[in-house]
Amino acid sequence: MTERFDPFLLEILWNRLIAIVDEAAATLVRTSFSTVVRESYDFSCVLTDRAGNSLAQASASIPSFIGTLPKTVRHFIARFPVETMRPGDIFITNDPWLGTGHLPDVNVAKPIFRGDEVVAFAASVAHAPDIGGRVRAPDAREVFEEGLRIPEMKLYDAGVPNAGLLELLRANVRVPDQVIGDLEAQLAALAVAERRLLALMDEHGLKDTEELAATIHARSEQTMRQAIAALPDGEYRNELQTDGLAVPVVVRMTLTVAGDSIAIDFTGSSDQVDRAINVVPNYRDAYTGYPLKCALAPRIPNNEGIWRPITITAPPGSIVNPLYPAACGSRVLVGHYLTTLVLGALARALPARVIAATGSPVWCVNLAGQSRRATRFAAMFFINGGMGGSGRRDGPSATSFPSNVSNTPVEIMETVAPIRVLEKRLLPDSGGPGTFRGGLAQRLRFQSLSPKPLTVSFLAERTKFPATGLFGGRDGAVGGVKIAEQAVDPKATHIVPPGAVIEMTTPGGGGFGDARKRDPERARADGEAGYVSAASRPAPARTGARASGARRPASGRRASAAAPGTARASSSRTRRRSR
């Protein structure tokens with residue numbers, strides 16, 4: 001620790017860095033074209049030091065991008081050494097193994113010069129509304145089917161745009177104006193971050209960011225190591241099953257605490273598959289490290305120092321370390337389970353800092369076809385399940401976790417796609433009962449108004465294995481997808497005729513603790529709100545009854561059915577801040 005940054009100045013500078021990326025994020029949202037960014041917040045903005053180590057991340061960013069985007073910047077640096085960079089350079093890639101794990105996420109980074117020297121990087125990643133290829137679905141067999149793949153290259157060379165790349169991108173996507181518009185919004189965000197960082201450096205007389213970065217990283221690493229050291233040394237094991245394909249996918253994890261460091265190994269997990277649910281290392285590491293940060297150092301803003309005490313490994317060719325050219329466009333269908341896996345492993349050591357399993361991975365529907373105006377359209381809408389309960393509160397309903405994308409508002413759905421929403425509501429009895437119950441699922445029903453058949457695919461999980469309860473809490477309800485009143489395979493791509501009705505029922509979150517010990521006032525409020533029916537309310541615990549012990553959140557076998565009834569409409573925008 002240098003004497004230059006006393007605690008007060010360090011706090012000011014640190015918060016200014018976060019404010020800079022928050023302003024960049026606001027610029028991206030306000031200038032974006034697609035609902036994926038503007039309404040669902042599927043993006044991130046970061047600042048890194050000269051070496052590509054993260055300094056600050058926007059508060060509203062997707063948690064996975066905490067771990068992936070700085071690594072992407074370091075890939076750019078390896079391909080284009082800092083000494084060769086020029087003012088006005090901007091780099092781009094969407095390569096899954098270099099970026100976030102699938103092609104729709106477009107990564108851009110800009111070196112920030114002070115005089116003749118690169119002092120930092122501004123970077124952004126955003127989920128494009130389309131990237132060509134097949135409509136995003138789990139049934140792709142190779143990455144080549146999933147869209148246009150952009151290697152590490154220059155989008156701008158010394159301020160001159162790569163016109164050929166932009167023309168190629170425009171020619172290979174279904175909604176070129178939206179795709180290019182969002183890309184330009186990302187570049188606007190980088191420009192804001194650059195201006196604000198240079199102004200901050202001028203104000204405080206900073207020649208570069210190296211000293212400040214070293215101080216921030218050291219403080220964060222020290223805090224994380226202290227939190228890890230407070231855990232009992234040893235191995236914490238956990239495993240679970242996902243719905244998978246014809247057979248479930250198994251993910252096994254051994255978390256080893258040794259002093260002030262953690263090592264996580266996924267040996268024993270299923271092999272990679274010839275479908276698009278494989279999880280590349282960048283994405284795996286992000287959603288494995290994120291729950292550790294939440295449980296151990298929740299108050300420290302995200303930066304590189306937090307991750308230094310953590311190592312993560314997996315056998316090559318496994319579902320969480322696939323070999324090229326594995327398909328990985330729907331990697332959330334396995335990757336989002338990793339957070340539940342880690343929290344479940346830590347439950348006996350940190351019972352007050354974990355939650356029961358969530359009705360995730362995030363659910364969404366992808367639509368492509370002809371609008372009522374006879375123009376091409378492509379759209380993606382998010383619809384979230386319930387979060388797991390914790391030792392302090394009920395799980396939030398219809399809320400994405402571990403990602404934090406928003407539910408797409410009904411008004412936006414009907415504006416950008418030829419559909420009419422018939423129903424959107426919370427489902428009573430879908431949250432797992434517990435001392436603190438799981439969050440409720442939601443049901444979305446909509447009708448196609450397109451004059452032509454639509455191509456429709458889903459990202460949907462927990463249709464077979466429910467979100468499990470913890471410490472005696474019960475499982476949440478499973479989800480399901482129907483087209484024209486018939487249950488369908490959510491991992492397949494479907495051609496939907498005009499007028500057909502699509503129904504999506506998301507999973508509920510698992511309960512936490514013995515339901516018989518639930519506060520009577522909470523139980524009464526649930527009944528009045530229509531969240532829980534009278535028939536499903538557990539009897540109060542008898543005096544002297546004991547709660548059951550912690551149960552490993554593995555596959556789960558009990559799924560309480562979503563009972564019919566009227567419930568309040570779910571909020572169209574549920575989003576949490578991620579720092």
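Being a predicted model, the structure only gives us computed values, none of them experimental.

### Digging into the overall build of the protein
Here is step 1 of the chain: Each helix and strand counted, the protein has 11 helices and 20 strands in total.
Here is step 2 of the chain: In terms of overall dimensions, the protein is globule-like: its C-alpha atoms have a radius of gyration of 23 Å, near the 25 Å expected for 579 residues.
Here is step 3 of the chain: Viewed in the frame of its principal axes, the protein has a C-alpha envelope of about 70 × 60 × 40 Å.
Here is step 4 of the chain: For the protein, with 579 residues in total, the buried portion stands at 61%.
Here is step 5 of the chain: Sequence-distant contacts, at least 24 apart, represent 76% of the contacts inside the protein between residues at least 6 apart.
Here is step 6 of the chain: Summing over all exposed atoms, the protein offers an accessible surface of approximately 21,500 Å²; the carbon and sulfur share of this is 52%.
Here is step 7 of the chain: Averaged over its 68 positive side-chain charges, the protein has a centre that lies 7 Å from the centre of its 57 negative ones.

### Looking at helix H6 (residues 210-229)
Here is step 1 of the chain: Between its first and last C-alpha, H6 extends 28 Å over 20 residues, near the 28 Å set by a 1.5 Å rise per residue.
Here is step 2 of the chain: Three or more residues of H6 are buried, namely Leu212, Ala213, Thr215, Ile216, His217, Ser220, Glu221, Met224, Ala227 and Ile228.

### Considerations on the packing of helix H4 (residues 163-171) against helix H5 (residues 176-204)
Here is step 1 of the chain: Running from N to C, H4 and H5 point in directions that differ by 140 degrees, and their axes come no closer than 8 Å. Viewed along their axes, H4 and H5 adopt a mutual orientation that is oblique. The crossing of H4 and H5 is right-handed. Across from Leu166, Leu169 and Arg170 in H4, the residues of H5 making contact are Pro176, Asp177, Val179, Ile180 and Leu183.
Here is step 2 of the chain: Residue classes in the contact of H4 with H5 are distributed as six nonpolar, no polar and two charged.

### Considerations on the state of the cysteines
Here is step 1 of the chain: On inspection of all chains with the given rule, the structure shows zero disulfides.
Here is step 2 of the chain: Cys45 forms no disulfide, and the closest cysteine sulfur to it belongs to Cys294, at a distance of 20 Å.
Here is step 3 of the chain: Judged by relative accessible area, Cys294 falls into the partly exposed class, the value being 32%.

### Let's talk about the domain arrangement of the protein
Here is step 1 of the chain: The domain boundaries assigned to the protein delineate domain 1 (7-221) and domain 2 (355-565).
Here is step 2 of the chain: For domain 1 and domain 2, the distance between their C-alpha centroids amounts to 32 Å.
Here is step 3 of the chain: Listed by partner, the interface residues are 21 residues for domain 1 and 24 residues for domain 2.
Here is step 4 of the chain: The contact between domain 1 and domain 2 buries some 1,800 Å² in all, and 60% of this surface belongs to carbon and sulfur atoms.
Here is step 5 of the chain: Where domain 1 packs against domain 2, one counts zero salt bridges.
Here is step 6 of the chain: In this assembly, domain 1 and domain 2 are joined by five residue pairs in polar contact (both at pLDDT 80 or more).
Here is step 7 of the chain: Considered class by class, the residues forming the side of domain 1 that touches domain 2 number 10 nonpolar, four polar and seven charged.

### Details of the pairing of strand S2 (residues 54-57)
Here is step 1 of the chain: Strand direction decides the pairing type here: strand S1 (residues 43-49) and S2, joined by three bridges, are antiparallel. Paired with Leu47 across the two strands is Ala56, which belongs to S2.
Here is step 2 of the chain: Hairpin connection, S1 to S2: the antiparallel pair is bridged by four residues, and Gly52 has positive phi, about 90 degrees.

### Observations concerning the sheet that holds strand S16 (residues 454-459)
Here is step 1 of the chain: Taken together, four strands build an open sheet; the order of strands is S13-S12-S16-S19 and the sheet is antiparallel. In this open sheet, the two strands that pair with only one neighbour each are strand S13 (376-382) and strand S19 (494-496). In this sheet, neighbouring strand axes are inclined to one another by 25 degrees on average, regardless of whether the strands run parallel or antiparallel.
Here is step 2 of the chain: Summarising the sheet, strand S12 (residues 364-370) and S16 pair through five bridges and their orientation is antiparallel. Each bridged residue has a counterpart across the sheet, and for Cys364 the counterpart in S16 is Leu459.

### What about empty space enclosed by the protein?
Here is step 1 of the chain: Within this structure, the stated rule accounts for seven cavities of 30 Å³ or more.
Here is step 2 of the chain: Of the voids in this model, the largest cavity is the one considered here, and its volume is about 240 Å³.
Here is step 3 of the chain: Elements with a minimum of two residues in the lining of the largest cavity: S12 and S13.
Here is step 4 of the chain: Counting contributing residues per domain, the lining of the largest cavity is built from domain 1 (7-221) and domain 2 (355-565), each supplying no fewer than three.
Here is step 5 of the chain: Counting only elements with at least two residues in the lining of the second largest cavity, the list comes to helix H3 (63-79) and helix H7 (281-296).
Here is step 6 of the chain: Looking at the lining of the second largest cavity residue by residue, the classes come out as 10 nonpolar, five polar and four charged.
Here is step 7 of the chain: Counting only domains with at least three residues in the lining of the second largest cavity, you end up with domain 1 (7-221) and domain 2 (355-565).

### What to know about the sheet that holds strand S10 (residues 261-265)
Here is step 1 of the chain: Spatial ordering of the open sheet is given by S8-S9-S10-S11, a layout of four strands whose pairing is mixed. For this open sheet the edge positions go to strand S8 (234-242) and strand S11 (310-313), each flanked by a neighbour on one side alone. Ignoring strand direction, the axes of neighbouring strands in this sheet form an average angle of 15 degrees.
Here is step 2 of the chain: Of the pairings in the sheet, the one linking strand S9 (residues 249-258) to S10 comprises five bridges and is antiparallel in character. Bridging across to S10, Thr256 finds its partner in Ala263.
Here is step 3 of the chain: Sitting on the sheet, H7 is in contact with S9, S10 and S11, with an inclination near 145 degrees to S11.
Here is step 4 of the chain: Of the strands in this sheet, S8 and S9 touch helix H9 (residues 337-345), which is tilted by about 140 degrees from S8.

### Things to note about the pattern of salt bridges
Here is step 1 of the chain: One pass over the full model with this rule turns up 39 salt bridges.
Here is step 2 of the chain: Two residues, Arg134 and Glu145, come together in a salt bridge whose shortest N-O distance is 3.0 Å. One end of the pair, Arg134, is in the loop between strand S5 (117-127) and strand S6 (153-157); the other, Glu145, is in the loop between S5 and S6, and 11 residues separate them in sequence.
Here is step 3 of the chain: On the basis of relative accessibility, which here comes to 33%, the residue Arg134 falls in the partly exposed class.
Here is step 4 of the chain: In this structure, the salt-bridge partner of Arg284 is Asp285, at a minimum N-O distance of 2.8 Å. For the residue pair Arg284 and Asp285, the accessibility class agrees, reading buried in each case.

### Considerations on the packing of aromatic side chains
Here is step 1 of the chain: The tally for this structure, following the rule as stated, stands at nine aromatic pairs.
Here is step 2 of the chain: Pairing Trp97 with Tyr324 gives two aromatic rings, centres 5.6 Å apart and planes at 70 degrees, and the pair type is edge-to-face. Here Tyr324 lies in the loop between S11 and helix H8 (332-335) and Trp97 lies in the loop between strand S3 (90-93) and strand S4 (105-114), a separation of 227 residues in the sequence.
Here is step 3 of the chain: Here Tyr290 and Phe401 contribute two aromatic rings whose centre-to-centre distance is 6.3 Å and whose plane-to-plane angle is 45 degrees, an arrangement assigned as tilted. Separated by 111 residues along the polypeptide, Tyr290 in helix H7 and Phe401 in the loop between S13 and helix H10 (410-416) bring together distant segments of the chain. For the pair Tyr290 and Phe401, a shared accessibility class is recorded, and that class is buried.
Here is step 4 of the chain: Members of the aromatic cluster, each reached through a chain of ring pairs, are Tyr283, Tyr287, Tyr290 and Phe401.
Here is step 5 of the chain: One residue, Arg79, lies across the ring of Phe80, its end atom 4.7 Å from the ring centre.

What counts, and where the lines are drawn
Residues numbered from 1 in each chain as written. Predicted model: local features only at pLDDT ≥ 70, side-chain atom pairs only at ≥ 80, totals over all residues. Heavy atoms only, no water. Helix = DSSP H or I, 4+ residues; strand = E, 2+ residues; numbered from the N terminus. Rg over C-alpha atoms; globule rule 2.2 N^0.38 Å. Buried < 20%, exposed > 50% of the residue type's maximum accessible area, 1.4 Å probe, protein only. Contact = heavy atoms within 4.5 Å. Areas by Shrake-Rupley, 256 points an atom, 1.4 Å probe, with all protein chains shown as cover. Lys, Arg positive; Asp, Glu negative; His and termini not counted. Charge placed at Lys NZ, Arg CZ, Asp CG, Glu CD. Expected span 1.5 Å × (residues − 1). Axes fitted to C-alpha atoms, helices over the stretch in contact; angles between N-to-C directions. Parallel < 35°, antiparallel > 145°, perpendicular 65-115°, else oblique. Left-handed = near helix turned anticlockwise from the far one by under 90°. Nonpolar A, V, L, I, M, F, W, Y, C, P; charged D, E, K, R; others polar. Disulfide = S-S within 2.5 Å. Domains from an automatic or database assignment. Buried area = accessible area lost by both parts, 1.4 Å probe. Salt bridge = Lys/Arg side-chain N within 4 Å of Asp/Glu carboxyl O. Polar contact = N/O pair within 3.5 Å; in protein donor to acceptor, adjacent residues only side chain to side chain. Pairing = 2+ DSSP bridges. 1 Å grid on protein atoms, 1.4 Å probe; cavity = no way out; pocket = protein on both sides within 12 Å on 5 of 7 lines; lining within 4 Å. Points joined across faces, edges and corners; volume = space filled by probe spheres on them. Phe/Tyr/Trp six-rings, centres within 6.5 Å; stacked < 30°, edge-to-face > 60°. Lys NZ or Arg CZ within 6 Å of the ring centre and 35° of its normal.

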